[in-house]
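Structural description and commentary
What follows is the residue order along each chain.
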Amino acid sequence: MSADRRPSRRLVAVVVAATLLVGGALSAGILSLDAAAPGPAAPPSAGPTAAGPTTEPQEQPQPPADTAASWVGSWATAPTAVPETGVEQLEDVTVRQVVHTSIGGDQVRLRLTNEFGEEPLVLGEVHVAVRDGADGTDIDPASDRTVTFGGATSATVPAGAPLVSDPVDLVVPPDADLVVSIYLPEPTAVTTVHNFPFQVNAVAQGNVTAETSVNPVREPEQWLFLSGVSVAAPTRSAAVVALGDSITDGAATQVGANHRWPDLLSDRLRDAPRLADRGVLNVGISGNRLLHANPDADKERESFAAYLGDSGLRRFDRDVLAQPGARYVITLLGVNDIGQAGGRSSPADKAVTARQLIDGHRQIVARGRTAGLAVYCGTILPFGGTPGYDTPRNEATRHALNEWIRTSGECDAVIDFDAAVRDPAEPTALRAEYDSGDHLHPNDAGMSALADAVPLDLFR
């Protein structure tokens, strides 16, 4: 659902996000490295000539050895496009961003992205470090590492492509904050975003990727050009992917507190016997829908709808199946399909039926199982009292979808989010103590109730 109620921290107009594809990003055609390339090969020669000695090939940078037992996602986010009116330019700046880990490891890899870019994205330098303190973007200088790509310290990401870094030797603690600093030396159009991360980041002038502290010229509450962090972990480790909308994304929670329900689920797993090696990856997008891609609205609505992302069905392979170490997926999608039609982000002719939503969930189950994932379906939360959502027709659709999720037996398991937060005296509405005030998004206490509703035995 759209996060109309933005956090009361200063937003910057620059918005960027990150995609989640991995794989052959280091192969030719996917990654262009800005390392010095050898010149044309010299013709064969028996030895030195009057012009000088034979030209020797230049040595190419070599990537660090990959010694990981396996790579498992520790943090992730999902990308969206930016409306034409929202695209801005960055040049000669460092973008410094904070991400919260779930599991730890002794090596780390980053996933950068230019998924929605129409021009190559030039990365002048990238650093990763452990954050110093509980807020801000300062780093522990002893932990600062330069990130390489095929052995080079700079890289160019082609339009529409992701980029996976070399392994970086860095002890990444679980339940910790990493700081990723990206230097953009050239004019760079901000065309790929994750909006509403509920985390304050920084944009600083010049290349200050290695500095302990930076002086922000802007403090965006967006993630820019960064879509994933994976760690080297034991072979038993695995990732849980949370596929959802703004309720999963963390809408209405305290900025910087990591009180999204996937974060709180990660806390529970870390404290449970034999489950501390389960990473949790949040690929929720505010306003996202299961069935329809965004924007599908008219021009008047398009500037808002661009941030709502591709449909869950369309982005499933990229945002779920491509995650390193993914073994489980939890769905919490459908409320915006029900409530958005006729609103500012979707025309009225996009109204959906319960049968269409059920068929969409069946596709998620089939595609997840084909890839070897267990698919756990979450019931849709109540929205009584929410303007535009709370109608008899919409409530009937929600009820029918939830009944199918609970009783069909077609999902690998059911997570009854609805039962966890609904008002016992008025089951079509959130409990007052869990209501953020808009009757749609749970507050921090409600997020805790959602996390508590997930049976941990599902991940053993």
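Attention now goes to the state of the cysteines. Under the criterion given, the structure shown has one disulfide. Put simply, Cys377 and Cys411 are joined by a disulfide, and their sulfur atoms are 2.1 Å apart. Taking the torsion about the S-S bond as the criterion, the Cys377 to Cys411 disulfide, at about -90°, is left-handed. On the criterion of sequence distance, the pair formed by Cys377 in strand β23 (residues 374–378) and Cys411 in the loop between α7 (392–407) and β24 (413–415) is long-range, its members being 34 residues apart.

Running from N to C, helix α4 (residues 312–321) and helix α6 (residues 354–370) cross one another at 25°; their axes reach a closest spacing of 11 Å. Accordingly, the angle class assigned to the pair α4 and α6 is roughly parallel. Read as a crossing pair, α4 and α6 show a hand that is right-handed. Of α6, the residues touching α4 (which contributes Gly312, Leu313, Phe316, Asp317 and Leu321) are Gly360, Gln363, Ile364, Arg367 and Gly368.

Moving on: the packing of aromatic side chains. Scanning all chains against the criterion turns up six aromatic pairs. The interplanar angle of 25° and the centroid separation of 6.2 Å between the aromatic rings of Tyr328 and Tyr376 together place this pair among those described as stacked. Taken together, the residues Tyr328 in strand β22 (residues 326–332) and Tyr376 in strand β23 connect sequence positions 48 residues apart. Arranged with centres 5.1 Å apart and planes meeting at 90°, the rings of Tyr328 and Phe459 form a pair that is edge-to-face. Note that Tyr328 is positioned in strand β22 and Phe459 in the segment after α9 (444–452), a separation of 131 residues in sequence. Following the ring pairs from residue to residue traces out a cluster consisting of Tyr328, Tyr376 and Phe459. Over the ring of Trp71 we find Arg109; its NZ or CZ atom is 5.2 Å from the centre of that ring. Its guanidinium or amino end placed over the ring of Phe383, Arg398 lies 5.8 Å from that ring's centre, counting from NZ or CZ.

What follows is about the sheet that holds strand β3 (residues 80–81). Strand pairs in the sheet, formed through backbone hydrogen bonds, run parallel or antiparallel to each other. The three strands lie next to each other as β3-β15-β18, forming an open sheet whose pairing is antiparallel. For this open sheet the edge positions go to β3 and β18 (222–224), each flanked by a neighbour on one side alone. Examined bridge by bridge, strand β15 (residues 192–195) and β18 share three bridges and lie antiparallel to one another. When the bridges of β18 are listed, His194 appears paired with Trp223.

A few words now on the pairing of β15. Residues Thr192 and His194 point to one face of β15 and Val193 and Asn195 to the other, with burial holding for every one of them. Pairing between β3 and β15: two bridges, direction antiparallel. By the bridge assignment for β15, Ala81 is matched with Thr192.

The subject of this paragraph is the side chain of Ser181. Among the secondary structure elements, Ser181 is positioned in strand β13 (residues 177–184). Ser181 sits in the buried class, given a relative accessible area of 2%. Of the polar contacts made by the side chain of Ser181, one reaches the side chain of Arg96; its length is 2.8 Å. Not counting chain neighbours up to four residues away, the residues in contact with Ser181 comprise Thr94, Val95, Arg96, Glu125, Val126, His127 and Thr209.

A word on the pattern of salt bridges. In the structure shown here, the tally under the stated rule is 23 salt bridges. In this structure, Arg260 engages Asp263 in a salt bridge whose closest nitrogen and oxygen atoms are separated by 2.6 Å. Assessed through its relative accessible area of 6%, Arg260 is described here as buried. Judged by its relative accessible area of 14%, Asp263 falls in the buried class. Several salt bridges share partner residues, and in doing so they unite Glu395, Arg398, Glu403, Arg406, Asp416, Asp418 and Arg422 into one network.

Note that Thr391 resides in the loop between β23 and α7. Classification of Thr391 as partly exposed rests on a relative accessible area of 27%. In sequence terms Thr391 and Gly339 are 52 residues apart; their C-alpha atoms lie 8.8 Å from each other.

Let's shift gears to the environment of His292. Considering the arrangement of structural elements, one finds His292 in the loop between β21 (278–282) and α3 (299–305). Each C-alpha atom of the pair His292 and Asp337 lies 7.6 Å from the other, and the pair is 45 residues apart in sequence.

Turning to the nonpolar core, a few remarks are in order. Grouped together as the largest cluster of nonpolar side chains are 73 residues, with contacts concentrated most on Val108, Leu110, Leu123 and Val128. Setting aside residues no more than four positions away along its own chain, Val128 makes contact with Val108, Leu110, Ser143, Asp144, Arg145, Val147, Val168, Leu170, Leu178, Val179 and Val180. Residues Leu332, Leu430, Val454 and Leu456 belong to the second largest nonpolar core, which totals 31 residues.

A positive phi angle, close to 55°, is found at Phe196, a residue other than glycine. Mapped onto the elements, Phe196 comes out in the loop between β15 and β16 (202–205). Of the residues examined, Phe196 reaches a relative accessible area of 7% and is grouped as buried. Non-glycine residue His439 carries a positive phi angle of around 65°.

Parameters and conventions
Residues numbered from 1 in each chain as written. Predicted model: local features only at pLDDT ≥ 70, side-chain atom pairs only at ≥ 80, totals over all residues. Heavy atoms only, no water. Disulfide = S-S within 2.5 Å. Helix = DSSP H or I, 4+ residues; strand = E, 2+ residues; numbered from the N terminus. Axes fitted to C-alpha atoms, helices over the stretch in contact; angles between N-to-C directions. Parallel < 35°, antiparallel > 145°, perpendicular 65-115°, else oblique. Left-handed = near helix turned anticlockwise from the far one by under 90°. Contact = heavy atoms within 4.5 Å. Phe/Tyr/Trp six-rings, centres within 6.5 Å; stacked < 30°, edge-to-face > 60°. Lys NZ or Arg CZ within 6 Å of the ring centre and 35° of its normal. Pairing = 2+ DSSP bridges. Buried < 20%, exposed > 50% of the residue type's maximum accessible area, 1.4 Å probe, protein only. Polar contact = N/O pair within 3.5 Å; in protein donor to acceptor, adjacent residues only side chain to side chain. Salt bridge = Lys/Arg side-chain N within 4 Å of Asp/Glu carboxyl O. Core = buried A, V, L, I, M, F, W, Y, C linked by side-chain atoms within 4.5 Å.

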